[in-house]
Amino acid sequence: MVTASAVRTVAGDVPAERLGVCDAHDHLFFGSPRLPGQELRSLSAARAELAAFAAQGGGAVVQWTPYGLGRRAADLPPLSRETGVRIVAATGLHQAVHYDDATLAGLRGRLADVFVAELTEGIGTSGVRAGLIKVAGGFHALDAHARWTMSAAAEAHRVTEAPIAVHLELGTGALDVLDLLCGELGVPPQRVILGHLNRSPDFTVHRQAAASGCYLAFDGPSRANHATDWRMPDAVRALAEAGHADRLLLGGDTTTAAARSVDGGPGMPYLLRRVRPRLTVELGEEIVRGIFVDNPGRALAVEWRGP
């Protein structure tokens, strides 16, 4: 079965043009042993953060939290209804360091099937379907875990047409990811989103990646130690001037409780309150509207297939 091109939100499939102003990479819920004590678990805080984002004109949030890291899928549709913000959930798997050995062992031999089921049937017993697959690379390299998860993502993509979003560790490894996903595994570049490129402001690599036809996601500030945050407007401008404005996405990537605006951090509203007007100075309103509205719709809308 093939459906008309649509973005798969937690409340159902919607046409791309109904997505609105989009935070293309963020987290409402997230928990990892790598960030003890900083988990995003509070339902009330998530609701308040979404409301604050909506008050700035936000229309949609893409949650990149993958399998096993506290997605709270069943809570996402009520949050969407209560705040009026559309939410896209993720399936997929993060780096191995985020999981215990038993969890990973239990996914051997069936990872692609898990991804497909979460995209087409629902996450767990929630009935909430994911709208993209999130995987991760390593620092300037792809280890065996990354190759396993990306191979499974490519297989799930072939069954469903789902977009694949990639965490680039500190922004590195973009070309290796494209060589694997789009070269060896045959995923169309326009179905791939590379995340965290702002953390490695190598403008030459950015242009090479954009030339492939994939989408490039810039995000943050999520934590105070991202020393390259100030380079982001220059990187985005360079890509726009090189003719790649239609490949660009922006997100807040709120990964810790302290980063939420309702807890004193920049959070989701900062993306629209400060980042958007800053980029408008550099690029003009038309290009910035494309980055926040048009590009996310194209990146996320596909003709969904089922197994």
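What you see is a predicted model; the values in this text were computed from it and never measured.

**Some thoughts on the environment of Pro163**
- The topology assignment puts Pro163 in the loop between α5 (144-160) and β8 (164-167).
- Exposure remark for Pro163: the relative accessible area of 0% places this residue in the buried category.
- Those residues in contact with Pro163, other than ones at most four positions away along the chain, are Gly131, Leu132, Ile133, Arg191, Ala299, Leu300, Val302 and Trp304.

**Observations concerning helix α2 (residues 76-83)**
- When we look at burial in α2, the residues that qualify are Leu76, Pro77, Leu79, Ser80 and Thr83. All buried residues of α2 fall inside an arc of 160° around its axis, so they share one side.
- Against the buried residues of α2 lie α1 (43-55), β4 (60-63) and β5 (86-88).
- One or two steps after α2, the chain reaches Gly84, where phi turns positive at roughly 75°.

**Focus on the environment of Val7**
- With respect to the element layout, Val7 can be found in strand β1 (residues 2-9).
- When its relative accessible area of 1% is taken as the criterion, Val7 is described as buried.
- When the C-alpha atoms of Val7 and Ala162 are compared, they prove to be 9.6 Å apart, with 155 residues separating the residues in sequence.
- Discounting chain neighbours no more than four positions away, the residues touching Val7 are Gly12, Asp13, Val14, Ala16, Leu19, Val88, Gly297, Leu300, Ala301 and Trp304.

**Here's the deal with the packing of aromatic side chains**
- A complete count under the given rule lists 0 aromatic pairs for this structure.
- The positively charged end of Arg231 is found above the aromatic ring belonging to Trp230, 5.3 Å away from the centroid.
- The residue whose ring lies beneath Arg247 is Tyr215, and the NZ or CZ to ring-centre distance is 4.2 Å.

Rules used throughout
Residues numbered from 1 in each chain as written. Predicted model: local features only at pLDDT ≥ 70, side-chain atom pairs only at ≥ 80, totals over all residues. Heavy atoms only, no water. Helix = DSSP H or I, 4+ residues; strand = E, 2+ residues; numbered from the N terminus. Buried < 20%, exposed > 50% of the residue type's maximum accessible area, 1.4 Å probe, protein only. Contact = heavy atoms within 4.5 Å. Arc of directions from axis to C-beta. Phe/Tyr/Trp six-rings, centres within 6.5 Å; stacked < 30°, edge-to-face > 60°. Lys NZ or Arg CZ within 6 Å of the ring centre and 35° of its normal.

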